[in-house]
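Chain by chain, the residues run as shown.
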2 protein chains.
Amino acid sequence: MTITITAFERSPDGGKGLARDTRVRWALEEVGQPYEVRLLSFGEMKTPDHLAIHPFGQIPTYEEGSLSLFETGSIVFHLAEQHAGLLPRDRDARARAITWMFAALNTVEPPILELTTARIFEADKPWSEERLPLVKDRVRARLDRLSAYLGGAEWLDDAFSAGDLLMVSVLLRLRMSGILDEYQNLAAYVGRGESRPAYARAFAAQFAINAPSSSSIIGS
Amino acid sequence: MTITITAFERSPDGGKGLARDTRVRWALEEVGQPYEVRLLSFGEMKTPDHLAIHPFGQIPTYEEGSLSLFETGSIVFHLAEQHAGLLPRDRDARARAITWMFAALNTVEPPILELTTARIFEADKPWSEERLPLVKDRVRARLDRLSAYLGGAEWLDDAFSAGDLLMVSVLLRLRMSGILDEYQNLAAYVGRGESRPAYARAFAAQFAINAPSSSSIIGS
């Protein structure tokens, strides 16, 4: 059954791999499933056709026969449940890996999203400079704990799982801020994620679409 | 096997049911599982003993024999997977319910958390009054879509599911702000959640611990 995902026609990050379709591409590569991509402009994301499969008018979505899903965490979980490679078989280990999926998205990502909002959408506000350190400290409060938990381990819970896939993806959003490099073990952890062949393929696939020079390369 | 969760010794919300243990209590009541509660002070949440089961030093946690979990979404999902009542059996409907769990926690809750932070932790900042409308509009951007999707339906996807349990819980955090009442169908949806006998039992159980007058009642 053909799997089709949606992605930005042109990601605002210019190919850094931070748009959420990269997380889904990575999961698809980890479980070895081929997929097709339907690219959407910002305008197309708010049309009734797209809102029918993504109520919040975003990307990515996931279509596979009669099933249509949105929400990255859910798509990654669906792939992890249907195919081997992203969740351990042992009942307790599986529940712990799922715990890390939710921790990435509901505990670690929210302050990181807030930092992104502060840096991008409130950069021109009179409070921007004074407020930014507060927001960064909220991110550090999470990373202090995450770093202490991870210690010298390779992954969050024994083998690489969907929990690591999402946690690495969330932490990647911090690289530009410099905060990730304050935590040597977390920076190395993210590096291990990026070194996985499946991540490299996912990154390359989105880069081919989003890189700033891709249209001029095609045109040259 | 005995299930033990943790909760605040005294919730900062004074018994409004907004602390996350209420979500877990609600799920336990929906699936008909008895549970015990271990109450923790703020100090106890940061001890090595508690950090060993919750790396971010928060509540709630979930212990059941050899299994120890944190992260509300994960605990609710574990209960939904192990017991009937919170996830449909049909494969596609189940995946959609899980999608709404993630949507509640990763798409709708982050701007609501940001509003809570702005109202509580930045209330004394010079930018507070000018910035608050921006933050509220980010919440409304999500609710506009959610309200349009829900329309006149009773629940997000046919029967009540863990997705509704988390979405109602997330939206409840907005009641004090008045924003929920701007969306008649969402306010009614939250009301339907609160009317469920399982929610009422969960609310009462946390209220008995957290209500402002509970110690004086005990003492009188």
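- Chain A has the name Glutathione S-transferase family protein in an unreviewed UniProt entry, where Rhizobium indigoferae is given as its organism.

As for the pattern of salt bridges
All names here are of chain B.
Right, on to step 1. The final tally for this structure, using the stated rule, is 40 salt bridges over all chains.
Right, on to step 2. Ionic pairing is found between E81 and R94, a salt bridge with its closest N-O pair at 3.3 Å. Of the two residues, E81 sits in helix α4 (residues 72–82) while R94 sits in helix α5 (residues 91–120), which places them 13 residues apart along the sequence.
Right, on to step 3. For E81, a relative accessible area of 29% corresponds to the partly exposed category.
Right, on to step 4. Across the salt bridge formed by D92 and R91, the nearest N and O atoms sit 3.0 Å from each other.
Right, on to step 5. For D92, a relative accessible area of 13% puts it in the buried group.

What about the relation of the copies chain B and chain A?
Right, on to step 1. Aligned on chain A, chain B shows an RMSD of 0.0 Å; the corresponding rotation is 180° and the shift along the axis is 0.0 Å. Within this description, the copies of the chain are treated as partners about a two-fold rotation axis.

Brief notes about the sheet that holds strand β2 (residues 36–40) of chain A
All names here are of chain A.
Right, on to step 1. Strand order in the open sheet formed by four strands is β2-β1-β3-β4, with mixed pairing between adjacent strands. Two strands close off the open sheet at either side, each with one partner strand: β2 and β4 (67–70). Here the average twist between neighbouring strands, direction ignored, is 20°.
Right, on to step 2. Sheet topology note: the strand β1 (residues 3–8)/strand β3 (residues 61–64) ladder contains three bridges and is antiparallel. Along β3, the bridge assignment pairs I5 with Y62.
Right, on to step 3. Packing of helix α4 (residues 72–82) onto the sheet brings it into contact with β3 and β4, and relative to β4 it is tilted by some 135°.

A short note on the environment of S11(A)
Residue and element names in this part refer to chain A.
Right, on to step 1. You can see S11 is positioned in the loop between β1 and α1 (21–30).
Right, on to step 2. Sequence separation of S11 and L171 is 160 residues, and the distance between their C-alpha atoms is 18 Å.
Right, on to step 3. A polar atom in the side chain of S11 sits 2.6 Å from the side chain of D13.

Observations regarding the packing of aromatic side chains
Right, on to step 1. Taken as a whole, this structure holds 24 aromatic pairs over all chains when the rule is applied.
Right, on to step 2. Between W100(A) and F70(B) the ring centres are 5.2 Å apart and the planes differ by 80°, which places this aromatic pair in the edge-to-face class. On the criterion of chain membership, the pair formed by W100(A) in helix α5 (residues 91–120) and F70(B) in strand β4 (residues 67–70) is interchain, its members lying in two chains.
Right, on to step 3. A relative accessible area of 3% means that W100(A) is categorised as buried.
Right, on to step 4. These aromatic residues form a ring-pair network of at least three members: W26(A), W155(A), F160(A), Y189(A), Y199(A), F203(A) and F207(A).
Right, on to step 5. Of note, R196(A) hangs over the ring of F160(A), and the distance from its end group to the ring centre comes to 3.6 Å.
Right, on to step 6. It is R192(B) that lies over the ring of W155(B); its NZ or CZ is 5.9 Å from the centre.

A look at the confidence of the model for chain A
It should be kept in mind that the predicted coordinates are not to be read in detail where pLDDT is low.
Right, on to step 1. On average, residues of chain A carry a pLDDT of 94, and 97% of them reach 70 or more.
Right, on to step 2. Under a pLDDT of 50 for its full length, residues 216–220 of chain A has, in the predicted model, zero contacts with residues more than four places off or in other chains.

Points about the sheet that holds β4(B)
Residues and elements named next belong to chain B.
Right, on to step 1. In space, the four strands of this open sheet follow the order β2-β1-β3-β4, with mixed pairing throughout. Lying at the two open borders of the sheet, with one neighbouring strand each, are β2 (36–40) and β4. Ignoring strand direction, the axes of neighbouring strands in this sheet form an average angle of 20°.
Right, on to step 2. Pairing between strand β1 (residues 3–8) and β2: five bridges, direction parallel. When the sheet's bridge partners are listed, I5 is paired in β2 with V37.
Right, on to step 3. Against the sheet, helix α1 (residues 21–30) contacts β1, β2 and β3 (61–64), and its axis sits at roughly 150° relative to β1.

So, the interface of chain B and chain A
Right, on to step 1. Every contact between the two is made by 51 residues of chain B and, on the other side, 51 residues of chain A.
Right, on to step 2. When the two sides are added together, the surface that chain B and chain A hide from each other amounts to roughly 4,600 Å², 59% of it contributed by carbon and sulfur.
Right, on to step 3. If you look at where chain B meets chain A, you find eight salt bridges.
Right, on to step 4. Those elements that provide at least two residues to the side of chain B that touches chain A are β4, α4, α5 and α6 (128–150) of chain B.
Right, on to step 5. When residues of the side of chain B that touches chain A are assigned to their parent elements, the largest contribution, 20 residues, is made by α5(B).
Right, on to step 6. Of the residues that constitute the side of chain B that touches chain A, the class distribution is 22 nonpolar, eleven polar and 18 charged.

A word on the packing of α4(A) against α5(A)
Residue and element names in this part refer to chain A.
Right, on to step 1. Remark: α4 packs on α5, axes separated minimally by 11 Å, with the N-to-C direction vectors making an angle of 160°. Relative to α5, the element α4 is oriented roughly antiparallel. Along this stretch, α4 crosses α5, giving a crossing that reads as right-handed. Contacts between α4 and α5 pair G73, V76, F77 and E81 from the former with R94, I98, M101 and L105 from the latter.
Right, on to step 2. For the contact of α4 with α5, the residue count by class is five nonpolar, one polar and two charged.

Some points on the nonpolar core
Right, on to step 1. By size, the foremost hydrophobic cluster in this structure holds 120 residues, and its most contacted members are M167(A), L171(A) and L171(B).
Right, on to step 2. With residues up to four places along the chain from it excluded, the contact list for L171(B) reads V108(B), L143(B), L146(B), L180(B), Y189(B) and V190(B).

The rules behind the values
- Residues numbered from 1 in each chain as written.
- Chains lettered and ligands numbered in written order.
- Predicted model: local features only at pLDDT ≥ 70, side-chain atom pairs only at ≥ 80, totals over all residues.
- Heavy atoms only, no water.
- Salt bridge = Lys/Arg side-chain N within 4 Å of Asp/Glu carboxyl O.
- Helix = DSSP H or I, 4+ residues; strand = E, 2+ residues; numbered from the N terminus.
- Buried < 20%, exposed > 50% of the residue type's maximum accessible area, 1.4 Å probe, protein only.
- Least-squares fit on C-alpha atoms with pLDDT ≥ 70 in both.
- Pairing = 2+ DSSP bridges.
- Axes fitted to C-alpha atoms, helices over the stretch in contact; angles between N-to-C directions.
- Contact = heavy atoms within 4.5 Å.
- Polar contact = N/O pair within 3.5 Å; in protein donor to acceptor, adjacent residues only side chain to side chain.
- Phe/Tyr/Trp six-rings, centres within 6.5 Å; stacked < 30°, edge-to-face > 60°.
- Lys NZ or Arg CZ within 6 Å of the ring centre and 35° of its normal.
- pLDDT = per-residue confidence, 0-100.
- Buried area = accessible area lost by both parts, 1.4 Å probe.
- Nonpolar A, V, L, I, M, F, W, Y, C, P; charged D, E, K, R; others polar.
- Parallel < 35°, antiparallel > 145°, perpendicular 65-115°, else oblique.
- Left-handed = near helix turned anticlockwise from the far one by under 90°.
- Core = buried A, V, L, I, M, F, W, Y, C linked by side-chain atoms within 4.5 Å.

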